[in-house]
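What follows is each chain in one-letter form.
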Amino acid sequence: SYPEDPLVKYALYGLGWTSISQGRYQPALEFFERLVAMYGKDDFFDSVMFGRLRAYLGLMKIDEAENEYKALKTDFPKSPWTEHAAAEIGWFYFSKRDYQKSIDFYQTLSDKKESDYRPISLFMMGENHYNMKQYQNALSYYNQAGDLSKMKELSEKILFRKGITHYILQDYQNAAKYLGE
């Protein structure tokens, strides 16, 4: 019996995430909003909030996405979705070449020593500084990320970026060390 049938809740949740994966952000937002209107803040509400944030980003509604992030950070400070949200907004700003705003979001993750996002956040801090032509700062973040990274693909990117950055700084010996001769 609709809406008491618990499967409706899971169907709306699934439809929201499926819509996001298909790039259909407005319907995703509508599914998540309907889910909240019908069932309130339930046991996976942090995931729903993150879904709404992703939908807002897809719709280029950054103010709404940031508001969703602030609410997520307040209501669910220890949720993995909260960290993922900071990374998503950081990436959004990076892709728009708003490097300082990107840094602001990645900084929140790079400051958390226990965060799984710390190595990639430090790398992205380096990327932001690199794009702002602040090469010494970029190297500092690449070094920190390299010390923490356990992912082969990220480690390879870090080494490459360190080599390129040393080359730009005319430190050819270190550039050759990281890039290979």
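My aim in this report is to walk through the structure given alongside it, one point at a time. Starting from 1, residues in each chain are numbered consecutively following that chain's sequence as written. Local features in this predicted model are restricted to residues whose pLDDT is 70 or higher, and side-chain atom pairs enter the listing and the counts only when it is 80 or higher, whereas totals over whole chains, interfaces and linings include all residues. To get the side-chain values, take all heavy atoms of the structure and skip hydrogens and water.

By definition, any uninterrupted DSSP run of H or I lasting at least four residues is a helix, any uninterrupted run of E lasting at least two residues is a strand, and each is numbered from the N terminus. Helix and strand counts for the protein chain stand at ten helices and zero strands. Listing each helix as α and each strand as β along the protein chain from the N terminus yields α-α-α-α-α-α-α-α-α-α. Split into buried and exposed, the 181 residues of the protein chain put 43% on the buried side. Excluding contacts between residues fewer than 6 apart, the proportion of contacts in the protein chain whose partners are at least 24 apart in sequence is 49%. Only the protein chains shown count as covering a residue, and every accessible area follows the Shrake-Rupley method with a 1.4 Å probe. A total accessible area of about 10,100 Å² is found for the protein chain, and carbon and sulfur atoms account for 52% of it. Charge counting treats Lys and Arg as positive and Asp and Glu as negative, with His and both chain ends excluded. In this description, the location of a charge corresponds to atom NZ of lysine, CZ of arginine, CG of aspartate or CD of glutamate. Within the protein chain, the 25 negative side-chain charges are centred at a point lying 4 Å from the centre of the 23 positive side-chain charges. Residue exposure (1.4 Å probe, protein chains only): buried if accessible area is under 20% of the type maximum, exposed if over 50%, otherwise partly exposed. Every residue pair with non-hydrogen atoms within 4.5 Å of one another is taken to be in contact.

All right, on to the pattern of salt bridges then. Take a side-chain nitrogen of Lys or Arg and a carboxyl oxygen of Asp or Glu: if they are within 4 Å of each other, that pair is a salt bridge. If you walk through the whole model with that rule in mind, you get seven salt bridges. Measuring nitrogen to oxygen at the nearest pair gives 3.7 Å for the salt bridge that ties Lys-152 to Glu-156. In this pair, Lys-152 and Glu-156 both sit in helix H9 (residues 152–168), four residues apart, roughly one turn of the helix. One connected set of salt bridges, linked through shared partners, spans Glu-33, Arg-52 and Glu-68.

In this analysis, axes come from line fits to C-alpha atoms, helices being fitted only over the stretch in contact, and the angle between any two N-to-C directions falls in the range 0 to 180 degrees. Contact geometry of H9 with helix H10 (residues 172–179) gives a least axis separation of 7 Å together with a crossing angle of 160 degrees. As the angle between them shows, H9 and H10 are arranged roughly antiparallel. In this structure, H9 crosses over H10, and the sense of that crossing is left-handed. Each of Leu-159, Phe-160, Lys-162, Gly-163, Ile-164, His-166 and Tyr-167 in H9 lies in contact with H10, whose residues at this interface are Tyr-172, Asn-174, Ala-175, Tyr-178 and Leu-179. Residues belonging to the contact of H9 with H10 are distributed by class as follows: eight nonpolar, three polar and one charged. Comment on the angle field: the value is read as roughly parallel under 35 degrees, roughly antiparallel over 145, roughly perpendicular from 65 to 115, and oblique elsewhere. Helix crossings are classified by the rotation of the near helix relative to the far one: an anticlockwise turn of less than a right angle makes the crossing left-handed, while a clockwise turn makes it right-handed. For this scheme, ten residues count as nonpolar: Ala, Val, Leu, Ile, Met, Phe, Trp, Tyr, Cys and Pro. Four count as charged, namely Asp, Glu, Lys and Arg, and the remainder, Gly too, count as polar.

On to the nonpolar core. Judged by nonpolar contacts, the single largest core of 46 residues is most densely connected at Val-48, Leu-53, Leu-57, Ile-62, Tyr-69, Ile-89 and Phe-123. Of all the elements, helix H3 (residues 45–58) adds the most residues to this core, at eight residues. Those residues in contact with Leu-53 that lie beyond four places of it in its chain are Ala-65, Glu-68, Tyr-69, Ala-85, Glu-88 and Ile-89. What is meant by a nonpolar core is a set of buried Ala, Val, Leu, Ile, Met, Phe, Trp, Tyr and Cys residues, joined one to another through side-chain atoms within 4.5 Å.

Attention shifts here to the packing of aromatic side chains. Ring pairs (aromatic) are described by centroid distance and by the angle formed between their planes. Working definition: rings of Phe, Tyr and Trp (its six-membered ring) pair if their centres are within 6.5 Å, and the pair is stacked with planes under 30 degrees apart, edge-to-face with planes over 60 apart, and tilted otherwise. All told, the structure shown has 15 aromatic pairs when counted by the stated rule. Here Trp-17 and Phe-50 contribute two aromatic rings whose centre-to-centre distance is 5.9 Å and whose plane-to-plane angle is 25 degrees, an arrangement assigned as stacked. Separated by 33 residues along the polypeptide, Trp-17 in helix H1 (residues 6–21) and Phe-50 in helix H3 bring together distant segments of the chain. The same class applies to Trp-17 as to Phe-50, namely buried.

Below, the discussion takes up the packing of H1 against helix H2 (residues 25–39). How two helices pack is summed up by the angle between their axes together with the distance between the axes. Running from amino to carboxyl end, H1 crosses H2 at an angle of 160 degrees, the nearest separation of the two axes being 7 Å. With respect to H2, the axis of H1 lies roughly antiparallel. The handedness of the crossing between H1 and H2 comes out as left-handed. Note on element contacts: H2 touches H1 through Tyr-25, Pro-27, Ala-28, Phe-31, Phe-32, Arg-34, Leu-35, Met-38 and Tyr-39, opposite Val-8, Lys-9, Leu-12, Tyr-13, Leu-15, Gly-16, Trp-17, Ser-19 and Ile-20.

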